Amino acid sequence: MRPTENLSRNTEAVADSLAAMIKRELTTKYSCYDGYLNPSTSDPNMINADDRMKLVDWCYDIVDHCKLSRETVASAMEMVDRFLGMPSTSVHTARVSDEALVDQSKFQLLTIAALYTSIKINEKVAVSSDLFAEMCSHVYTVEEIEDMERILLIGLSWRCHAPTAHQVGMSILSLLLPYVDIPEVTWGFLMDEMRYLTELAVRDYYFSTQRASTVALAAIFNVISDASTKERRRRELLGIGAFLSVMMECFDFDHPNQIAAARSRLKSLRKSKNSLQEEYGIKQILLPEEEMRDLEGSSSLHDICCSATSKLASFPPLLLYAQEHALGNGSQLKRMHLAPKSLLTKKQEKE
């Protein structure tokens with residue numbers, strides 16, 4: 001299948017959809033831009049960004065092993081972030097939210113419940129709570145997972161369909177499709193890199209405080225301006241920046257400075273990721289005059305944009321990871337996830 005077959009060619013419908021997603025992310029009921037973690041706290045019991053990242057990695061491991069979409073993890077973490085970052089709707093949800101910020105086991109249970117919910121919402125396979133508890137090696141019971149799911153949904157007022165950065169990015173690329181003449185292989189490269197960067201952003205707590213559209217634009221701009229890209233492909237991608245500039249005038253995106261900050265953060269995140277893989281400040285896109293003149297014929301894009309305002313396989317359980325990667329040699333967990341002490345303590349209490 002050609003890469004562009006994943007993009008919609010109904011530009012008017014896509015523009016309407018993108019405008020609706022941007023409107024939704026601007027509502028207080030779908031945003032948590034103030035954040036919920038305090039990096040300056042000295043309390044060792046407080047959940048931190050590293051704890052969150054480890055659980056995101058565990059969720060990615062789960063969906064990868066089960067051949068599910070990584071978008072499911074993005075949706076799950078969006079629910080976790082929003083639940084913890086928004087004012088609670090009841091005394092009970094407020095108590096659970098407060099506990100999750102100081103109790104690794106509770107925070108982990110909240111994330112597991114969110115992934116369980118996200119799979120039910122976004123995937124075509126059905127996953128029972130019994131199977132999910134088994135995947136967690138019964139560190140949490142079926143009742144605990146289902147109870148936390150109920151609390152999560154109540155806390156979110158049952159709003160579970162916030163747009164993800166990748167969804168917004170695909171809508172943006174769909175709008176560009178009729179106006180950008182680049183080879184299919186270059187489209188495939190652009191889409192794959194954009195997907196990778198948005199998945200990388202899910203791991204970083206900073207991006208949970210940013211709009212999905214800001215992350216999507218940052219990812220696309222970074223792909224088309226990446227100095228490491230082959231010169232020919234880079235020239236092909238560079239023209240996209242002109243059309244993105246047109247599009248940014250038509251939708252209620254973030255201020256360019258905010259997008260630039262996200263680009264810088266995403267770039268440093270990727271460098272850090274690449275450094276880890278090897279071991280085991282942003283430049284504005286300057287368009288040639290010829291490409292700027294090409295914009296004169298792009299009024300139709302401007303008009304269109306502005307007119308829109310099986311069964312799951314089992315996975316090695318959490319406790320097993322703790323035993324294999326930490327308990328044997330006393331080292332910290334490398335692939336999974338919150339400190340094993342919280343898992344083992346909970347397991348022992350049940351036994």
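See above for the structure.
Residues numbered from 1 in each chain as written. Predicted model: local features only at pLDDT ≥ 70, side-chain atom pairs only at ≥ 80, totals over all residues. Heavy atoms only, no water.

K.L.:
What should I look at first to understand the overall build of the protein chain in this one?
P.N.:
Each helix and strand counted, the protein chain has 17 helices and zero strands in total. Sorting the 351 residues of the protein chain into buried and exposed places 52% on the buried side. Accessible surface, the protein chain: about 17100 Å² in total, of which carbon and sulfur atoms supply 49%. (Helix = DSSP H or I, 4+ residues; strand = E, 2+ residues; numbered from the N terminus. Buried < 20%, exposed > 50% of the residue type's maximum accessible area, 1.4 Å probe, protein only. Areas by Shrake-Rupley, 256 points an atom, 1.4 Å probe, with all protein chains shown as cover.)

K.L.:
Could you clarify how one ought to interpret helix α4 (residues 91-100) in this entry?
P.N.:
Residue pairs three or four apart in sequence face the same way in an α-helix, which turns once every 3.6 residues. For α4, the set of buried residues is T93, V96, S97 and A100. All buried residues of α4 lie within an arc of 100 degrees about the axis, which places them on one face of the element. Opposite the buried face of α4, at more than 90 degrees from it, the exposed residues are V91 and D98. Looking at the packing, one finds that the buried side of α4 touches α3 (71-85), α5 (104-122) and α7 (142-155). (Arc of directions from axis to C-beta. Contact = heavy atoms within 4.5 Å.)

K.L.:
Explain unusual backbone geometry here, please?
P.N.:
Negative phi is the rule for most residues except glycine; trans is the rule for most peptide bonds. In this structure, K67 takes a positive phi of about 60 degrees despite not being glycine. With relative accessibility at 75%, the residue K67 sits in the exposed group. One non-glycine residue, W158, lies in the positive phi region at around 65 degrees. The topology assignment puts W158 in the loop between α7 and α8 (165-176).

K.L.:
Looking at this structure, I do not really get the side chain of D204. What am I missing?
P.N.:
Along the polypeptide, D204 turns up in the loop between α9 (184-203) and α10 (212-224). If sequence neighbours within four positions are ignored, D204 has contacts with R52, R265 and L269.

K.L.:
Please explain the environment of E199 as it appears in this structure.
P.N.:
With respect to the helices and strands, E199 occurs in helix α9. Linking E199 and A74, residues 125 residues apart in sequence, is a C-alpha distance of 7.4 Å. When residues no more than four places from it in sequence are discounted, the contact partners of E199 are Y60 and R70.

K.L.:
Help me understand the packing of aromatic side chains, please; the structure alone is not making it clear to me.
P.N.:
In this description, an aromatic ring pair is defined by two values, namely the gap between the centres and the angle between the planes. Tallying each qualifying case throughout the model produces five aromatic pairs. The interplanar angle of 80 degrees and the centroid separation of 5.2 Å between the aromatic rings of Y36 and Y205 together place this pair among those described as edge-to-face. Taken together, the positions of Y36 in the loop between α1 (11-26) and α2 (49-65) and Y205 in the loop between α9 and α10 put the pair 169 residues apart, joining distant regions of the chain. We classify Y36 as buried; its relative accessible area is 10%. Measuring from ring centre to ring centre gives 5.3 Å for Y116 and F132, while their planes differ by 55 degrees; the resulting arrangement is tilted. (Phe/Tyr/Trp six-rings, centres within 6.5 Å; stacked < 30°, edge-to-face > 60°.)

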